[in-house]
Each structure stands twice: as structure tokens, then as C-alpha cells.
Amino acid sequence: MKVVLEHLTKIFPSRNKKDKDAEVVAVNDFDLVIPDGKLIGLLGPSGCGKSTTLFMISGLQAPSSGKIYFGDDEVTKLAPENRGIGLVFQNYALYPHMTVQQNILFPLQNLKGPNRLSKEEMLKRANDVAKLVQIDEFMNRKPSELSGGQQQRVAIARALVKMPRVLLLDEPLSNLDARLRLQTREEIRRIQRDTQITTIFVTHDQEEAMSISDFIVVMKLGVIMQTGRPQWVYDDPANLFVAKFLGTPPINVFKGRVEGEKLYIGEEEVLGVPGADDREVYVGIRPEGFLLKKNGKLSCKVSGIDVMGRDVSVVSTNENSLNPVVRSIISSDEMGNISSDEARFDLKSHKVFLFDSETELRVYFGEQVAAHEKMVAEMKEAGQYYVHEGPLPREADDADRHKTAEAPKGFFAKVKSLFTKKPKKEKPAENADMGSENEAPAEGEVPAENAETPVEKSDTPAENAENHEGEAE
Ligand SMILES: Nc1ncnc2c1ncn2[C@@H]1O[C@H](COP(=O)(O)OP(=O)(O)O)[C@@H](O)[C@H]1O
Ligand SMILES: [Mg+2]
């Protein structure tokens, strides 16, 4: 079942009684086609509107404006139970007093009229989906007698038993430990391939989304930033936000400038960039984009070396780096080229992305131009090309985003004053300087009086792009 979202927008009224205008635009003019039978990963930092998008598709929340189609049918105003959707949440939400079988049967027992099944049919269906998610041997257990991964499989079985037209998964793996998460995501992928149900998988974890999705949709503050095949978005990010959000270790970002078709980082000329105009840029270099050379063009101070089997990660610093450290992944054969405290790198030009320092939009150069055009043509043909072209949405503290490891002037004095002085009334102003999120609609925070949503949502760690930078070394 193809799902089409047209200008979908959700505005929540202000929660602040004194400031009625402080409404939250959770989803902003969302246009998206989700092809039949595909698995789409909806990806973005916590608070960017992923759940709200999913709730609107499910019918649990009504859009402020815009339309939703399943195939050719408009479903914008259709009640959730009539949409033919299956929903799975992070916290399983199983009925604790029922057995696995009763939990799976539950949605079928409420079917009315012509959809009603006989008892034998219901049992057969429940057995079939239990087999599909490999939970059939536990049919008589209670949820408390199952591991987290098994409980989540029951939840998936329960979502599948009505044979939904669209399967919606909201951070379904967040409560599982690392190993189970990996295993369960493979399972979800297999089940989706087997059933061919159009599936939307929401996560803030870029690795998770990249690994199981046919297409990913990267969101920021309710706006789609870029869509495409995971590898394409990784290899050809349209703006700095997308480049920073995808990849572990994260992309290295430097301050740089283009002058006479040459790229400079600090005083060092590091790469020829034919076709790029003179300007100030952010230079994004993927960790695998460095070549360790005796006379390499970019010099960094080595601060550590991590051996990871075949590859080696050289951790270094450079005064123009906006990340606290520069992380490069090089082959162990190149290690001979390192002197004790200096590493010199040449750069692989297809792993170097330039972004205009004002707009943060990509600046293509050299062979990247043709490679980009080829990908765009391919994605357009697949009906999956979308790149945000206007100005990027900015968070209240966005200006602070590129702060280096150094604390801003007066920072420590301010922190100290918080403990010694009585807190002033105009607290937000004071906090603004310190990169506090107090002013912004609190990211990831779910309002307690969230009457519209069916289940309580637990906090997800704000593992967003911004946080890569603050990573402890
Ligand atoms: N019922 C609600 N009332 C007011 N604001 C809400 C409500 N639900 C979500 N929000 C706000 O909308 C934004 C998007 O939330 P959400 O869709 O839950 O994000 P995500 O799932 O990406 O973490 C956030 O700023 C959040 O605080
Ligand atoms: Mg959410």
C-alpha cells in the first residue's frame, strides 16, 4: 500500500499560558511518498516530530493541515481502527495478565461485522504470525516470563495479526540491549520482506535506520532535510546537518575557505576544488577520507591511536577543527607514515564535502558535480528524490552549535554565580549564553497531559547530531 503525505503539518498550541504564541510546529509542510512494500526509516534527533508524523498517519492525532492517502484513498479524517494499520511502540504495551496467545488474539476479537472471524480462523491467524516472528513456542507464557526482545516480538505479532496495510514502528528497539537490538532489527527486516507490508520505522539512531531501511527520511525540527537510499544520503549529504547526523565515528568538520579553486584549512592548502567559487566554508571530511602521508597537506597533532584490527583510528587535533578531535580511519599499512606527534594527511576528494558557511548548504566541486547529478536522476526515477532547498530551520541555540572545546568567555564565572547567587527572575536570558535548551521547545520532552497519545512514552537519550561533538574522548 503506497502512502502519500501532502503538506502535512501539525501545530501544537502553546503550553505556556503566559505566552500564547509559543506554539510548537512539530511537523512542518511534510511532503512524502512512501512506495508500496518498502521499509522507510524516519530519522532525526529526538523532538524533531517523528512520532507526531507517525501518529498522524495512524489517525491517533489529527493534522492541523495537509492530507494523507493510503493508495488512492484519502484517509486524513478516517478513524484509526478503519485505516488498517499496525502500531508498535518502544515499550511493547502488552497486557500483563494475558498470555502471549491472548495478547496476539486480542485485536481480532474486536473485529465487527463482515470482518469478524470464526474462532478457528482467529487461532490459525495467531499461530501463523507467532511463527512468523518466532514466538510460537511461548504461546502460553505471560509477558513477564519473556525477555524484552521476545516481548517486542509479541507486540509485532499483535500488530501484524489483523494483516495491516501499513505497519508503523515507533522506536521499537530502544528498550532492548545492544545485542538484542541488532538481532531484532534483522528480524524486523526479514518479517517486512516476507510480508511486503509497507512499513515506517521511526528511530533517532542513524545506524539502525541506515541498516534496515530501503529509504531514509532525515528530519530536523519538523522539516524533511533529505530523503534517499541510506548509502546515497551518506555519500552525498545535501547540507551540514545531514552530513553530521549520519556516520559513526561522526564526520570531521573544519572551518575553511575556497580561494582560486583551492581549499584552505587554516594556512594549509589541502585540496584542489575545481568549479567551487571563493567563499568561507565548512569542510566535512568523513573519517575514511584521510590518507596518512609523509608529506600530506593537512597537519594534525596526534593525541592517540586506536587499533581496531585491520584498520587504525588516528585521533588528533587541529586548531580549525570544530569537533574536539579529528578522527581518521586509515589502513594499518599506512602507519609507517606517522611520526610521534604529527600526522599529515592527504584527502580523498569524494569524501570531502563543502558547505557554505552562511547557508550550510552543500557546495559541489570537481567530479562530485556529475556524481551528484547521476544520483539525483536515479532517485527521481525511483520517486524518492527530495532535498530541502530553502534556508535550514534553526534551533534557538543553533548559533552555539559549532562551539569548540573551549568554554565561552565568562562561562565559569556564570556557572559559579548560579551556585553563589540567588537565581534571578530572568533566568532564560542568563542561560541562553551557556547553550541551554531552556528557551527552545524542550527537545524530546513529552508533555504529561498528552491526552491524544495512547501510550506513555519513555525518554529517549538525545543522541542527536549535536551530541556527537560533545562526545567524551
Ligand atoms: N501533545 C503535544 N502537545 C504539545 N507539544 C507536543 C505534543 N506532542 C509533541 N509535542 C512537541 O512536538 C515536537 C515533536 O515531538 P515528537 O513528534 O514526539 O518528536 P520525536 O518523536 O521526533 O522525538 C516536540 O517539540 C514536542 O515537545
Ligand atoms: Mg518519538
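Conventions we followed
Residues numbered from 1 in each chain as written. Chains lettered and ligands numbered in written order. Predicted model: local features only at pLDDT ≥ 70, side-chain atom pairs only at ≥ 80, totals over all residues. pLDDT = per-residue confidence, 0-100. Contact = placed C-beta atoms within 7 Å. Axes fitted to C-alpha atoms, helices over the stretch in contact; angles between N-to-C directions. Helix = DSSP H or I, 4+ residues; strand = E, 2+ residues; numbered from the N terminus. Parallel < 35°, antiparallel > 145°, perpendicular 65-115°, else oblique. Left-handed = near helix turned anticlockwise from the far one by under 90°. Nonpolar A, V, L, I, M, F, W, Y, C, P; charged D, E, K, R; others polar. Buried ≥ 20, exposed ≤ 12 C-beta atoms within 10 Å, placed from the backbone. Pairing = 2+ DSSP bridges.

Draft legend 1. How the structure looks around the confidence of the model for the protein chain. Mean pLDDT over the protein chain: 83, with 82% of residues reaching 70 or higher. Long-range and interchain partners of residues 397-408, a stretch whose pLDDT sits below 50, account for 12 contacts in this model, where long-range means more than four residues apart. Residue range residues 414-473 is modelled with pLDDT below 50. Its contacts to residues more than four positions away, or to other chains, number 67 contacts.

Draft legend 2. Inspection of the packing of helix α4 (residues 148-160) against helix α5 (residues 178-195) at higher detail. Between α4 and α5, the shortest axis-to-axis distance is 10 Å and the interhelical angle comes to 20 degrees. Taken together, the axes of α4 and α5 are roughly parallel relative to one another. Like other packed secondary-structure pairs, α4 and α5 cross with a definite hand, here right-handed. Between α4, through Gly148, Gly149, Gln152, Ile156 and Leu160, and α5, the contact on the second element is made entirely by Leu180, Gln183, Thr184, Ile191 and Thr195. The residue makeup of the contact of α4 with α5, split by class, is four nonpolar, six polar and no charged.

Draft legend 3. Inspection of the pairing of strand β6 (residues 85-88) at higher detail. Here β6 shows no split at all, with Ile85 and Leu87 on one side and Gly86 and Val88 on the other all buried. Summarising the sheet, β6 and strand β7 (residues 166-170) pair through four bridges and their orientation is parallel. Residue pairing in the sheet places Ile85 in a bridge with Val166 of β7.

Draft legend 4. Inspection of unusual backbone geometry at higher detail. In this structure, Pro249 follows Thr248 across a cis peptide bond, with omega equal to -10 degrees. Within the fold, Pro249 resides in the loop between α8 (240-245) and β11 (252-259). The backbone of Asp29 sits at a positive phi, close to 55 degrees, despite the residue not being glycine. Along the chain, Asp29 falls in strand β2 (residues 24-34). Positive phi, close to 45 degrees, is recorded for Glu171, a residue that is not glycine.

Draft legend 5. Quick peek at the packing of helix α2 (residues 100-109) against α4. It is at 7 Å that the axes of α2 and α4 come closest, and there the two elements cross at 30 degrees. On the basis of the axis angle, α2 is roughly parallel to α4. With respect to the hand of their crossing, α2 and α4 are arranged in right-handed fashion. Here Val100, Asn103, Ile104, Phe106 and Pro107 of α2 lie close against α4, whose contacting residues are Val154, Ala157 and Arg158. Partitioning the contact of α2 with α4 into residue classes produces six nonpolar, one polar and one charged.

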